[in-house]
Amino acid sequence: MRLVLRPLFEAELPADFGEVIKNKLTGREVRTGEEIEVELLGKPLRFKVLLAEPSPLKVGRNTRVEFATGVTEVLDFEFDEPVREVVPFDGGFVVVLSRKVLILNHIGQKIYSDEFEELNRVRVSKGTVVIIHDGNKIRLVKP
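In short, a report on the structure. This is a predicted model, so every value here is computed, not measured.

Okay, unusual backbone geometry next. Put simply, Glu53 and Pro54 share a cis peptide bond, and its omega is 0°. By the element assignment, Pro54 lies in the loop between β4 (43-53) and β5 (57-58). Following Ser55, the chain continues to Pro56 via a peptide bond in cis, the omega torsion being 0°. Among the secondary structure elements, Pro56 is positioned in the loop between β4 and β5.

Encoded structure:
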């Protein structure tokens, strides 16, 4: 579980600030795209939720809180296995792993995910993801 926030205030954030904010948000449900407010030392601090994975996300002890600053947004993703291919399309991008296909939107939220015995190829045509699998089968996904 991961939470990426952009502070809507100007201040240098200390290294352990993510833990402080996580403690303040524990038990609270947040969604990608919303603005949230956290009270700290009697002052309200506002944040934009750039990514709540999954969305909605109930913040807990295992939630990783990260901060993005400035206008450049960088989101890193790490998978348990090597990425074979990434196919961009208008609605986001398709990540192809050895046996799994993930369709993510432009902010990294999962739209679709499935695993196949034998994953042959993945293509995109006019917003439809075509998955060729198990030798003689295709699956069309319209995210």
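We are not done yet, so read on.
Within the structure shown, the criterion is met by ten salt bridges. Of the charged contacts, one joins Arg123 and Glu85 as a salt bridge, the two residues approaching to 3.4 Å between their closest N and O atoms. On the criterion of sequence distance, the pair formed by Arg123 in strand β11 (residues 119-125) and Glu85 in strand β7 (residues 85-89) is long-range, its members being 38 residues apart. A relative accessible area of 35% places Arg123 in the partly exposed class. Here Glu85 falls in the partly exposed class, since its relative accessible area comes to 32%.

Before going further, it helps to spend a moment on helix α1 (residues 17-25). Three or more residues of α1 are buried, namely Phe17, Gly18, Ile21, Lys22 and Leu25. The arc enclosing the buried residues of α1, seen along the axis, measures out at 135°, which places them on a common side. Where α1 is buried, its residues contact β1 (2-7), β3 (35-40), β4 and β6 (64-67). Gly27 occupies a position one or two residues after α1 and carries a positive phi of about 90°.

Strand order in the open sheet made by the three strands is β11-β12-β13, with antiparallel pairing throughout. The open sheet has two edge strands, β11 and β13 (137-141), and neither has a second partner. Pairs of neighbouring strands in the sheet enclose a mean axial angle of 20°, with direction left out of account. Pairing of β11 with strand β12 (residues 128-133), which is carried by six bridges, proceeds in the antiparallel orientation.

The rules behind each value
Residues numbered from 1 in each chain as written. Predicted model: local features only at pLDDT ≥ 70, side-chain atom pairs only at ≥ 80, totals over all residues. Heavy atoms only, no water. Helix = DSSP H or I, 4+ residues; strand = E, 2+ residues; numbered from the N terminus. Salt bridge = Lys/Arg side-chain N within 4 Å of Asp/Glu carboxyl O. Buried < 20%, exposed > 50% of the residue type's maximum accessible area, 1.4 Å probe, protein only. Arc of directions from axis to C-beta. Contact = heavy atoms within 4.5 Å. Pairing = 2+ DSSP bridges. Axes fitted to C-alpha atoms, helices over the stretch in contact; angles between N-to-C directions.

Any functional reading would require information that these geometric values do not contain.
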